[in-house]
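Fold and contact review
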Amino acid sequence: MLDTPIEYLKGIGPQRAEVLKKELNIFTCRDLLTYYPFRYVDRTRFYNIREITEELPFIQLKGYIDKLEIVGQKQGKRLVVSFKDHTGTLELVWFKGYQWMADKLKTGVEYVVFGRPTFFKGRVNMAHPEIEPITETFLTQQSAFQAVYNSTEKLKLKGLDSEGIRKLIRALVQQIQPQHVEENLSSEVLEDHKLISRFQAIKQIHFPESAQQLKRAETRLKFEELFYLQLRLLKLNKVRAHTVRGFVFSRVGKFFNEFFSYQLPFELTNAQKRVLKEIRVDMGSGRQMNRLVQGDVGSGKTLVALMSMLLAIDNGFQSCLMAPTEILARQHFQTFKDLLSPIGLKVELLTGSSSTKERKRIHASLLTGETNILIGTHALIEHSVQFQNIGLVVIDEQHRFGVEQRAKLRDKNASPPHMLIMTATPIPRTLAMTLYGDLDTSLIDEMPPGRKPIKTQHFMETQRLRVFGFLKEQITLGRQIYIVYPLIKESEKLDYQNLQQGYDNLIHEFPPPQYQVSIVHGQLSNEQKEFEMQRFIKNETQIMVATTVIEVGVNIPNASVMVIESAERFGLSQLHQLRGRVGRGSDQSYCILMTGYKLGPDSRLRMETMVRTNDGFEISEVDLKLRGPGDIEGTQQSGVLDLKLANLAIDGHVLQLARQSAQTLLDEDPLLELEKNKVYTTHLILQQKNRPNWSKIG
Ligand code: ADP
Ligand code: MG
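It should be emphasised that the depicted structure is a prediction, and the values quoted were computed from it without experimental measurement.

Here is what the cut-offs are and how they apply
- Residues numbered from 1 in each chain as written.
- Chains lettered and ligands numbered in written order.
- Predicted model: local features only at pLDDT ≥ 70, side-chain atom pairs only at ≥ 80, totals over all residues.
- Heavy atoms only, no water.
- Helix = DSSP H or I, 4+ residues; strand = E, 2+ residues; numbered from the N terminus.
- Buried < 20%, exposed > 50% of the residue type's maximum accessible area, 1.4 Å probe, protein only.
- Contact = heavy atoms within 4.5 Å.
- Areas by Shrake-Rupley, 256 points an atom, 1.4 Å probe, with all protein chains shown as cover.
- Lys, Arg positive; Asp, Glu negative; His and termini not counted.
- Charge placed at Lys NZ, Arg CZ, Asp CG, Glu CD.
- pLDDT = per-residue confidence, 0-100.
- Pairing = 2+ DSSP bridges.
- Axes fitted to C-alpha atoms, helices over the stretch in contact; angles between N-to-C directions.
- Parallel < 35°, antiparallel > 145°, perpendicular 65-115°, else oblique.
- Left-handed = near helix turned anticlockwise from the far one by under 90°.
- Phe/Tyr/Trp six-rings, centres within 6.5 Å; stacked < 30°, edge-to-face > 60°.
- Core = buried A, V, L, I, M, F, W, Y, C linked by side-chain atoms within 4.5 Å.

A separate point is the overall build of the protein. Summing up its helical and strand segments, the protein has 24 helices and 22 strands in all. Here the C-alpha coordinates of the protein stretch approximately 90 × 70 × 45 Å along the principal axes. Relative to its 698 residues, the protein shows a buried fraction of 53%. Here the contacts in the protein between residues at least 6 apart in sequence split such that 73% fall between residues at least 24 apart. About 32,800 Å² of surface is accessible on the protein, with carbon and sulfur atoms providing 51% of the total. Taking the average location of the 90 positive side-chain charges in the protein and that of its 80 negative ones, the two points are 2 Å from each other.

Here it is as structure tokens:
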């Protein structure tokens, strides 16, 4: 029954069906039934206008329209409605669609109004409230909370505003029987987690009888959603383990040992040792490794990658490392060459700016196996880059790359190489479980010894002279300074002006020859950038003015101050990344956040969070709460955004349980072949059919 096309449902017909398909992707009764409300109105409580105070959230009122008029000119034109109950009046205001509203609303009819009150010059206001006449249906309706559905302008024209959609769903819910809604969780799982049936949940999510019932319905459906997401990811992992054979790196040989004894510049941290061990076990197990290493900026991931690559070489394989920017690739190349040439290994660098001649030479040396390690940018992906025998691929700063790029590197060998994926963008656990749910993960949760925590302070524009004074002190102490400007595509022109102006002011304040200032940004050629970077690296200049091109990975231990201009324009994770450029040596390091005087509440919270903590994970949690999963880097191409009910920012607990459940199921039946688990395979296939995007995850 649920597969019935919606045009056959009473009250819909071909025209409405057309808009439902186009606007909401609702094709069948099943789709309509799983079009969940985005909010509820507590219909059990009406406020009196006199009771309204400034702290109230969304509230519900009952009353009549006293007067309604369109006022203002051009952009300021709006509909102002004076609305009264027996205790007072307030103003309802519409800036958009006011003509339509003005035509629809009438005096003398009793309305229910729902919205968020605001105070303006001592008067109470409600902008764009929901308003509907108290109708028979409303009064006889039995549910305590009334569902509110998202609608669109086109749907509204066909009478399908929230109320219209609710009516359709009510008609459908009244028709369905328990057997129509297939249960897709086993009775064991339902019992274990005290979940209500799917049928009950779907009824209650649309027409809840009480707050408690609503809560149970939400929990059940969120669990189901997250369970299937995790099942899909974990299954992918199992299927790979069963079907893809990995190279066995059984030996710890000459190169690893020689490096360890003679070249290792310092003692490994315990976290580095642990992660290295996890990688060794993986690569020796016979299954192909797909491992994510998470570690805050400066935690020493590079070295872990390097030593893993030595294991590959010891077992007769080549390996490569791909980094997101040319600057970073060069820096890695330098590090690797310095550490590995003395033990007789050949490291090469391949980037977009390598010459044709250089490329040819490198291509050839990869094929003969003469080159042991190749480092580079996206250039590594190109088809012309072929190895004699690649056994390990490392991807640095994974969030900068797409899933497809990862896959292309995987295909560089007939049998897939081990994959080691590194990220310095700490992401909340919930998000990691989802974005990287099909990968095994390792965590470097310890910094190399001797690092002093970076001190972060927030300054306003008016305190700039004080900041300059501080910078001079630091330069006198022999330190170097980054000053970073935002560069955002939409305002690129203006941003370059700001950068240039900031640079000019700086030169004025820090004149040559006493001071030397470098500048690096995206409009310079690679040679110019490289030249300026080198001057800074060699400590020939004390200040590096830059846009975010320096964001990722650059390592200059003597740079101990990071000034971030217009810090309010950066997201939290970006601020944290930038701050990670300093604090890499033994000196006390500082991060200075410069902002304008007026800050919105979100910006203020971002600055406060940065000042309060250096913990990337804590910061990522705040970031997730502020922005929602959709804006966190790396989520766009994943299925995270397809979640209908669950919210990764707040449903961490449910996610944890759902993942455990899926894991238990797969531990017992890795490929879901048992008869009793057929329900899961069936449902997975059904979902796959409805959401082709899922296949892109991981
Ligand atoms: P990230 O994890 O951000 O990639 P890097 O690998 O660039 O960090 O390491 C940051 C700095 O810490 C480098 O200068 C590196 O040489 C140094 N480092 C790495 N491991 C250790 C260690 N165990 N002890 C001391 N310094 C270390
Ligand atoms: Mg790094």
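Here we take up the confidence of the model for the protein. Looking at the protein, pLDDT values average 88 and 94% of them are 70 or higher. Segment residues 692-698 is flagged for pLDDT under 50; beyond a separation of four residues in sequence, or across chains, it makes 19 contacts in the model.

In this structure, the amide linkage connecting Pro512 to the following residue, Pro513, adopts the cis form with an omega of 5°. Looking at the secondary structure, you find Pro513 in the loop between helix H18 (492-509) and strand E19 (517-520). At Asn25, a position not held by glycine, the phi torsion is positive, near 60°. One non-glycine residue, Ser566, lies in positive phi territory at about 45°. Along the chain, the position of Ser566 falls in the loop between strand E21 (559-564) and helix H20 (572-579).

The subject of this paragraph is the sheet that holds strand E17 (residues 455-460). Spatially, E17-E22-E21-E18-E20-E19 is the arrangement adopted by the six strands of the open sheet, whose pairing is parallel. The open sheet has two free edges, formed respectively by E17 and E19, since each of these has just one partner strand. Each strand axis lies, on average, 20° off the axis of its neighbour in the sheet, ignoring direction. As paired strands, strand E18 (residues 480-484) and E21 are joined by five bridges and run parallel to one another. Residue pairing across strands places Ile481 opposite Val561, the latter belonging to E21. Contacting E17, E18, strand E20 (543-546), E21 and strand E22 (590-595), helix H17 (residues 464-476) crosses the sheet at an angle of about 160° to E22. The strands that helix H19 (residues 526-537) touches are E18, E19, E20 and E21; relative to E19, the one it contacts most, it runs at about 145°.

Attention now moves to the packing of helix H9 (residues 211-243) against helix H23 (residues 652-668). As a packed pair, H9 and H23 sit with axes 8 Å apart at the nearest point and diverge in direction by 45°. Here H9 lies oblique to H23, going by the angle between them. The chirality of how H9 crosses H23 is right-handed. Contact residues: Lys222, Phe223, Leu226, Phe227, Gln230, Leu231, Leu234, Lys235 and Lys238 in H9; Val654, Leu655, Leu657, Ala658, Arg659, Ser661, Ala662, Gln663, Leu665, Leu666 and Asp667 in H23.

Another aspect to go through is the packing of aromatic side chains. Taken as a whole and judged by the stated rule, the model has twelve aromatic pairs. Seen in terms of ring centroids, Phe223 and Phe227 are 6.1 Å apart; in terms of plane orientation they differ by 15°. Their pairing is stacked. Of this pair, Phe223 and Phe227 both sit in helix H9, four residues apart, which is roughly one turn of that helix. Exposure class is identical for Phe223 and Phe227. Each is buried. Judged by centre distance (6.3 Å) and plane angle (45°), the rings of Tyr228 and Tyr680 are tilted.

Ordered by their spatial adjacency, seven strands build an open sheet running E12-E13-E11-E14-E15-E10-E16, and the pairing between neighbours is parallel. In this open sheet, the two strands that pair with only one neighbour each are strand E12 (347-350) and strand E16 (440-444). Pairs of neighbouring strands in the sheet enclose a mean axial angle of 20°, with direction left out of account. Here strand E10 (residues 290-295) pairs with E16 via five bridges, running parallel. Residue pairing across strands places Gly295 opposite Ile444, the latter belonging to E16. Here helix H11 (residues 270-284) sits on the sheet and contacts E10, strand E14 (390-395), strand E15 (418-423) and E16; the angle it forms with E16, its principal contact strand, is near 160°. Relative to the sheet, helix H14 (residues 356-368) contacts strand E11 (318-322), E12 and strand E13 (373-376), its axis offset from that of E12 by approximately 135°.

Grouped together as the largest cluster of nonpolar side chains are 52 residues, with contacts concentrated most on Leu185, Leu226, Phe227, Leu231, Leu374 and Tyr680. Sorting elements by how many residues they give to this core places H9 first, with eight residues. In this structure, Leu226 is in contact with Leu643, Ala646, Leu648, Asp651, Val654, Leu655 and Ala658, ignoring residues within four places of it in sequence. With 44 residues, the next largest nonpolar core counts Leu268, Leu276, Leu339 and Met422 among its residues.

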